[in-house]
Amino acid sequence: MIGRIAGRIDYRATDHVLIDVRGVGYLVYCSERTLSSMPGVGEHVALYTDLLVREDILQLFGFTTLVEKEWHRLLMSVQGVGAKASLAILGALGPDGVGRAIALGDWNSVTAAKGIGAKTGQRVVNELKDKAPAVMAMGAAPAPELDRGEDAVIESAPRTAAPAPVGAPNRGAQAEALSALTNLGYSPGEAASAVAQAAGDAADAATPELIRLSLKLLAPKG
């Protein structure tokens, strides 16, 4: 299994790139969001990858972070969601947006992706709501940036997540808040929904404040 590749971009298309790694060209399919974040032709790039194996085809899909890759794998597990649909969802929402939509039960946001209807959006939310907290927590430990100049193929990707880009939600605080709430006895689904809503209202909140806001949302009404 090819878990990560790094090399020079030979050309870019609307849905994939050709990456030259020591003279071997790898076609890697990516979401629009991932493609837009990549450098130009002739420059180096490194991507985490997932290999789709079928009787009639082998396809590589590329991601800038392990969180995005894990969401792709989970989305593909939903009935009716193939690789193309998964990339469309990730391209429309991004990994953080996917986690937030699922945690909040907001299937309508999922339908913002091209080709995703209401029934599929509902299945994504319903089937992944219990798995979302684990992926949302992957941002707790930052990892070194991918070395774009490295000319190598690595068969197994590291287990730590890439650092959040500037302006992204505080994933570390969200992960710590999720852990604290589940330790208090809340279900993973309840905790994820509350943390996602609290983080949406206060994206820069530190862990203690995020826990306080989440507990307020979880408090019995009336």
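The following paragraphs examine the structure supplied in this document. (Residues numbered from 1 in each chain as written. Predicted model: local features only at pLDDT ≥ 70, side-chain atom pairs only at ≥ 80, totals over all residues. Heavy atoms only, no water.)

**Points about the environment of L27**
Thought 1: Looking at the element boundaries, L27 is found in strand 3 (residues 24-29).
Thought 2: A residue is classified by how much of its surface remains accessible, and L27, at 40% relative accessible area, is partly exposed.
Thought 3: Residues L27 and Y11, 16 residues apart in the sequence, show an inter-C-alpha distance of 9.6 Å.
Thought 4: With residues up to four places along the chain from it excluded, the contact list for L27 reads Y11, H16, V17, L18 and L60. (Helix = DSSP H or I, 4+ residues; strand = E, 2+ residues; numbered from the N terminus. Buried < 20%, exposed > 50% of the residue type's maximum accessible area, 1.4 Å probe, protein only. Contact = heavy atoms within 4.5 Å.)

**A look at helix 3 (residues 83-103)**
Structurally, the α-helix is built with 3.6 residues per turn, so residues lying three or four positions apart point the same way.
Thought 1: In a regular helix each residue adds 1.5 Å, so 21 residues correspond to 30 Å; helix 3 covers only 22 Å between its end C-alpha atoms and thus falls short of that length.
Thought 2: The largest bend in helix 3 is about 95°, located at G94, with the proline P95 one to four residues further on.
Thought 3: Among the residues trailing helix 3, G105 stands out with phi positive, at a value near 70°. (Expected span 1.5 Å × (residues − 1). Bend = angle between axes of the 7 residues up to and from the residue.)

**Brief notes about the pattern of salt bridges**
Thought 1: Per the stated rule, a full pass over the model turns up 4 salt bridges.
Thought 2: Between R54 and D56 there is a salt bridge whose closest N-O contact spans 3.5 Å.
Thought 3: A relative accessible area of 45% means that R54 is categorised as partly exposed.
Thought 4: Residues E209 and R212 are paired through a salt bridge, measuring 2.7 Å at the closest nitrogen-oxygen approach. A residue pair is termed a helical-turn pair when its members lie 3 or 4 positions apart in one helix, as E209 and R212 do in helix 9 (residues 207-218) at 3 residues.
Thought 5: Assessed through its relative accessible area of 32%, E209 is described here as partly exposed.
Thought 6: R212 gets classed as partly exposed once you look at its relative accessible area, which sits at 43%. (Salt bridge = Lys/Arg side-chain N within 4 Å of Asp/Glu carboxyl O.)

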